[in-house]
Amino acid sequence: MNKALYLKFLAGYLIIAVFGFFIVTAGGSILVEQRLEHSISEDLYQEAHTLAENDIVKNDISSSSVEEIREALSLIANYKGTSIWVINSDGEIILSTRTDISPSAPISIQGFDATQWGGNYYQIGDFYGYFDDVRLSVIAPITSEMTTRGYVAIHYPISSLYEERAGILLIIQILFLCIYLLTFLLGFIYRRYIHRPLEQITKGASEYANGNLSYRIPVTSEDEMGYLANTLNYMSDKLNRNGEYQRKFISNVSHDFRSPLTSIKGYVNAMLDGTIPPQMQEKYLKIIAYESSRLEKLTQSLLTLNELDIQKRTMHMRRFDINEVIKTTAATFEGICTKRKILLELILSGKELYARADMEQIQQVLYNLLDNAVKFSNDNSTIVLETTEKSGKIFVSIKDHGVGIPKESIPKIWERFYKTDASRGKDRKGTGLGLSIVKEIIHAHGQNINVISTPDVGTEFIFTLEKAKEK
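So, here's what we can say about the structure.

Thresholds applied
- Residues numbered from 1 in each chain as written.
- Predicted model: local features only at pLDDT ≥ 70, side-chain atom pairs only at ≥ 80, totals over all residues.
- Heavy atoms only, no water.
- Helix = DSSP H or I, 4+ residues; strand = E, 2+ residues; numbered from the N terminus.
- Buried < 20%, exposed > 50% of the residue type's maximum accessible area, 1.4 Å probe, protein only.
- Contact = heavy atoms within 4.5 Å.
- Areas by Shrake-Rupley, 256 points an atom, 1.4 Å probe, with all protein chains shown as cover.
- Salt bridge = Lys/Arg side-chain N within 4 Å of Asp/Glu carboxyl O.
- Polar contact = N/O pair within 3.5 Å; in protein donor to acceptor, adjacent residues only side chain to side chain.
- Core = buried A, V, L, I, M, F, W, Y, C linked by side-chain atoms within 4.5 Å.
- Pairing = 2+ DSSP bridges.
- Axes fitted to C-alpha atoms, helices over the stretch in contact; angles between N-to-C directions.
- Patch = residues over 30% accessible without salt bridge, like charges linked within 9 Å, V, L, I, M, F, W, Y side chains within 5 Å.
- Phe/Tyr/Trp six-rings, centres within 6.5 Å; stacked < 30°, edge-to-face > 60°.

## Here we look at the overall build of the protein chain
Right, on to step 1. If you tally the helices and strands in the protein chain, you get 11 helices and 13 strands.
Right, on to step 2. Here the protein chain holds 471 residues, and the buried ones make up 38% of them.
Right, on to step 3. Long-range pairs, those at least 24 residues apart, make up 65% of the contacts in the protein chain between residues at least 6 apart in sequence.
Right, on to step 4. With an accessible surface of roughly 27,600 Å², the protein chain has 56% of that area assigned to carbon and sulfur atoms.

Here it is, written out as structure tokens:
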């Protein structure tokens, strides 16, 4: 089997691994950083705002209170990993957790202008050139009596944010790799339960295409692949049997055509070369006519079987009186039955009994069964044609008192061209197709036909028909 599908699957899997890891790393880094930046800035601003509302910070920043305030701010700053400033209204640092600054010796911030922040409560940078590294800075105004007295500023090292981002991103990457490695099982499952069975099924289809219908696809699972393999194996068996049947069919047809043709050709050539004198030609012309009749009947039977294959799809289903059809069919055998002193006894259910079927095809069934019954009945015997009704179905029975059928031959009588030994002795003109035609017609109607027979006692054929609904 071509490995293209499996290789495409494997290549796709590897591509997803590379690009997936890149997307998780790059995209995850950006998203985590944005989320941390937003979260940390909000937390810092809340802290700054809380400090700005502190009474000591608002009203009593003096040299005597600086150490107390610095100690309180340092606890917060150490916990957050930040530095905290108090800036007066002139933009001077008067208190810091990281540097000893007092209100009496403030440090001026060049270019500081709180109005430039606008609606933003945080910025990322070096805070007007004060820091050597990048910080995330927030400021909250210190207001008293509607007057801005200064600002509380909190500075967070952006490197700490990156470290926290890296820790979260590492967890995400590890989870991605773990999940992706687990999905590797999909490749094994695909290889084990899809790709390999497909290879075997494809090989089987190739064997069948090359005429090896005895090949068996070795897929035994209970899933869809197993079902497909079993279906193909079943199909190959059917095709193999059909092939054997066709070979047997052609052999039988050839044999049944060759015998009368050989006789006809032999007698005609004998007449032409004078081997058979004119005074004896009438005898052999009768033989030729008889053999020609056999050929005509065989040809007609084959045409009938061919038509049945088409009529299975185009049957003319209609309502008709089966009792009347039986009477009409039986009347066609009155001549031969009278000659052989065979009594046709009709036991019909009611005056009328309506069936729903293709009437012409059912006439063919009745004719073939009655023709067989007459051929194999003993002289001075009785043939019974009976109809009964039960559970919405009509049962039609044709029973003779003749040679019967051996038990071992009963399953074979429906095969085309099959003849029992007794049949070959009494039915020299038969084609062996009559019962095959009967079975094809009955099964095309979705009905059943059965046979009961005892050698030297007689045979009974019983078939069913759908009862027509009352008008």
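The discussion continues.
## Remarks on the pattern of salt bridges
Right, on to step 1. Within this structure, the stated rule accounts for nine salt bridges.
Right, on to step 2. A salt bridge links E466 to R356; the nearest nitrogen and oxygen atoms lie 3.8 Å apart. Remark: R356 occurs in strand β9 (residues 354-357) and E466 occurs in strand β13 (residues 458-467); sequence separation between them is 110 residues.
Right, on to step 3. The salt bridge involving E389 is made with K467; its shortest N-O contact spans 2.2 Å. Highlighted residues: E389 in strand β10 (residues 382-390) and K467 in strand β13, separated in sequence by 78 residues.
Right, on to step 4. The exposure class assigned to E389 is partly exposed, which follows from its relative accessible area of 42%.
Right, on to step 5. The exposure class assigned to K467 is partly exposed, which follows from its relative accessible area of 24%.

## Details of the environment of H38
Right, on to step 1. Of note, H38 is situated in helix α1 (residues 4-52).
Right, on to step 2. Distance in space between the C-alpha atoms of H38 and Y122 is 9.5 Å, their sequence separation being 84 residues.
Right, on to step 3. Side-chain polar atoms of H38 contact the side chain of E42, separated by 3.1 Å.

## Let's talk about the nonpolar core
Right, on to step 1. Counting residues in each nonpolar core, the largest one holds 38 residues, and the members touching the most others are I322, L366, L369, I383, F463 and L465.
Right, on to step 2. Of all the secondary structure elements, the ones that give two or more residues to this core are α7 (322-331), β9, α9 (359-376), β10, β11 (393-400), α11 (434-444), β12 (449-454) and β13.
Right, on to step 3. Counting residues per element, this core draws most heavily on α9, at eight residues.
Right, on to step 4. If sequence neighbours within four positions are ignored, I383 has contacts with I342, L343, L344, E345, L370, A373, V374, S377, I398, K399 and D400.
Right, on to step 5. One finds V32, I84, V138 and I142 within the second-largest nonpolar core, a separate group that totals 21 residues.

## Overview of the sheet that holds strand β2 (residues 92-96)
Right, on to step 1. The antiparallel open sheet is built from six strands, whose spatial order is β3-β2-β1-β6-β5-β4. Every other strand in the sheet has two partners, leaving β3 (107-108) and β4 (122-125) as the edge strands with one partner each.
Right, on to step 2. Here helix α4 (residues 158-209) sits on the sheet in contact with β4, β5 (135-144) and β6 (147-157), set at roughly 45° to β6.

## Comments concerning the side chain of S453
Right, on to step 1. As for its placement among the helices and strands, S453 is situated in strand β12.
Right, on to step 2. Overall, the relative accessible area of 15% leaves S453 in the buried class.
Right, on to step 3. At 2.7 Å, the side chain of S453 forms a polar contact with the backbone nitrogen of I405.
Right, on to step 4. Looking at S453, its side chain comes within polar contact range of the main-chain oxygen of G458, at 3.3 Å.

## Observations regarding a nonpolar patch on the surface
Right, on to step 1. Among the surface-exposed residues, F9, L182, L185, L186, F188, I189, Y193 and I194 lie close enough to one another that they form a single nonpolar patch of about 780 Å² accessible area.
Right, on to step 2. Element by element, the count of residues in the nonpolar patch is highest for α4, at seven residues.
Right, on to step 3. Of note, I194 is situated in helix α4.

## Thoughts on the packing of aromatic side chains
Right, on to step 1. For the structure shown, the criterion picks out 14 aromatic pairs.
Right, on to step 2. Judged by centre distance (6.1 Å) and plane angle (35°), the ring pair of F112 and F127 falls under tilted. Placement of the pair is F112 in the loop between β3 and β4 and F127 in the loop between β4 and β5, with a sequence separation of 15 residues. One exposure class covers both F112 and F127, and it is buried.
Right, on to step 3. Summarising the aromatic geometry, the rings of F333 and Y367 are spaced 5.0 Å apart at their centres and angled 40° between planes, so their arrangement reads as tilted. Of this pair, F333 sits in the loop between α7 and α8 (334-340) while Y367 sits in helix α9, placing them 34 residues apart in sequence.

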